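Structural description and commentary
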Amino acid sequence: MLGRSWYTGERVPLHWFNDWPEWKQLDKAGHFWAAFHESRAAVDLLGWAGVAERRAMWYGGFVGFLLQSPIELLDGRAPDYGASPGDLAANLAGSVGLLTQQLAWGEVRLMPKVSFHRSPYAAQRPDVLGRTLPERLLKDYNGQTYWVCADVGAWLPAGNRWPRWLQPAVGYGAEQLLYNDPARNQAAGLRAYRQYYLSVDVDLRRVPTRSKVLRRMFYVVSIVHLPAPALEWNARRGWHGHGLYY
């Protein structure tokens, strides 16, 4: 069913394609993020269902890898694509990243998150970077920033006054990603570059509330980095600040 709906054109024998150099590896960050949170949801759902903690970790820990990886079989039979070893590695890293934290600490202390802003590049190449907002959320790597947010309070001694809802965050993004080919990018007057960020994040899961509805909403929203002031460094401009980055 998925195979019939995913690709409707020509199919070829399964083959591999190394796409690691493309898109400044932001697509790999997306695979890691998705596999991590799919595994995280599976572990938590099994725990809520009454499965023993250790079993829930091991049974649910690789769900992200199992859910993400079949897409490579579809890509591998498309003539313009190919199964990606890098994507498979990122899927596995996401699941292992979740499982490692669960086994070490019994909780997630380093949370991968994502944020998105509209970029001007999607309008220049909507067939690849997306026409609608949902498409751009998935395809426009210029607007995506991937974060790791640290639960500092989890490492501090008991009785400390650090608010666990306040977490430092480091982020990674890139811009001027119109084509994968640098020559085509330059012909369009662009030169892709990487961006690095320092910011903070609010972990809504740590906000006290008695509302079950709010707790469930906060759990879902915890995959997203909320807008906050940020410092950015890139090779073009060096350090500069954002009053509110998203």
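Here we summarise the structure given alongside this text. (Residues numbered from 1 in each chain as written. Predicted model: local features only at pLDDT ≥ 70, side-chain atom pairs only at ≥ 80, totals over all residues. Heavy atoms only, no water.)

**Topic: the packing of helix H3 (residues 53-61) against helix H6 (residues 85-105)**
Any two packed helices are characterised by the angle at which their axes cross and by the distance between the axes. Between H3 and H6, the least distance of the axes is 9 Å, while the angle of their chain directions is 170°. By the angle between their directions, the pair H3 and H6 is classed as roughly antiparallel. Facing H3, whose interface residues are Arg-54, Met-57, Trp-58 and Gly-61, H6 presents Ser-95, Leu-99, Gln-102 and Leu-103. (Axes fitted to C-alpha atoms, helices over the stretch in contact; angles between N-to-C directions. Helix = DSSP H or I, 4+ residues; strand = E, 2+ residues; numbered from the N terminus. Parallel < 35°, antiparallel > 145°, perpendicular 65-115°, else oblique. Contact = heavy atoms within 4.5 Å.)

**Considerations on the packing of aromatic side chains**
The tally for this structure, following the rule as stated, stands at nine aromatic pairs. When the ring of Trp-147 is compared with that of Tyr-245, the centres are 6.0 Å apart and the planes differ by 65°; the resulting orientation is edge-to-face. With Trp-147 in strand S2 (residues 144-150) and Tyr-245 in strand S6 (residues 238-245), the pair connects residues that are 98 residues apart, well separated along the chain. With relative accessibility at 2%, the residue Trp-147 sits in the buried group. What makes Tyr-245 buried here is its relative accessible area of 6%. Both rings, one in Tyr-196 and one in Trp-233, keep their centres 6.2 Å apart while their planes meet at 35°; by these two values the pair is tilted. (Phe/Tyr/Trp six-rings, centres within 6.5 Å; stacked < 30°, edge-to-face > 60°. Buried < 20%, exposed > 50% of the residue type's maximum accessible area, 1.4 Å probe, protein only.)

**Comments concerning the sheet that holds strand S4 (residues 193-202)**
Ordered by their spatial adjacency, six strands build an open sheet running S1-S2-S3-S4-S5-S6, and the pairing between neighbours is antiparallel. Each having just a single partner strand, strand S1 (110-116) and S6 make up the two edges of the open sheet. For this sheet, the mean angle separating the axes of adjacent strands, direction not counted, is 25°. Where S4 and strand S5 (residues 228-234) come together, four bridges link them in antiparallel fashion. Looking across to S5, one finds that Tyr-196 is bridged to Trp-233. (Pairing = 2+ DSSP bridges.)

**So, H3**
Along H3, the residues classified as buried are Ala-56, Met-57, Gly-60 and Gly-61. Angularly, the buried residues of H3 cover 105° about the axis, an arc narrow enough to put them on a single face. Projecting away from the buried face of H3 at angles above 90 degrees are the exposed residues Arg-54, Arg-55 and Tyr-59. (Arc of directions from axis to C-beta.)

**Let's talk about the nonpolar core**
Judged by nonpolar contacts, the single largest core of 13 residues is most densely connected at Trp-23, Leu-26, Tyr-121, Leu-129, Tyr-141, Leu-177 and Leu-178. Every residue in contact with Tyr-121, bar those within four places of it in the chain, is listed here: Leu-129, Asn-142, Glu-175, Gln-176, Leu-178 and Leu-190. Judged by nonpolar contacts, the second largest core, of six residues, contains Trp-147, Tyr-197, Ala-230 and Tyr-245. (Core = buried A, V, L, I, M, F, W, Y, C linked by side-chain atoms within 4.5 Å.)

**Observations concerning the side chain of Asp-203**
Residue placement: Asp-203 occurs in the loop between S4 and helix H10 (212-221). A distance of 2.8 Å separates a polar atom in the side chain of Asp-203 from a polar atom in the side chain of Arg-205. The residues contacting Asp-203, other than those within four sequence positions of it, are Lys-113, Arg-164, Trp-165, Gln-167 and Ser-222. (Polar contact = N/O pair within 3.5 Å; in protein donor to acceptor, adjacent residues only side chain to side chain.)

**Thoughts on the pairing of S4**
In S4, alternate side chains face the same way, and those of Tyr-193, Gln-195, Tyr-197, Ser-199 and Asp-201 are buried while those of Arg-194, Tyr-196, Leu-198, Val-200 and Val-202 on the opposite face are not. Two strands pair when backbone bridges link them, and strand S3 (residues 166-175) and S4 are joined in this way by ten bridges, in the antiparallel orientation. The partner of Gly-173 across the bridge, within S4, is Gln-195.

**What to know about the packing of helix H2 (residues 26-48) against H3**
Contact geometry for H2 and H3: axes closest at 8 Å, N-to-C directions at 145°. Where H2 crosses over H3, the handedness of that crossing is right-handed. Across the interface between the two elements, Ser-39, Ala-42, Val-43, Leu-46 and Gly-47 from H2 touch Ala-56, Met-57, Tyr-59, Gly-60 and Gly-61 from H3. Here the contact of H2 with H3 is built from residues that sort into six nonpolar, four polar and no charged. (Left-handed = near helix turned anticlockwise from the far one by under 90°. Nonpolar A, V, L, I, M, F, W, Y, C, P; charged D, E, K, R; others polar.)

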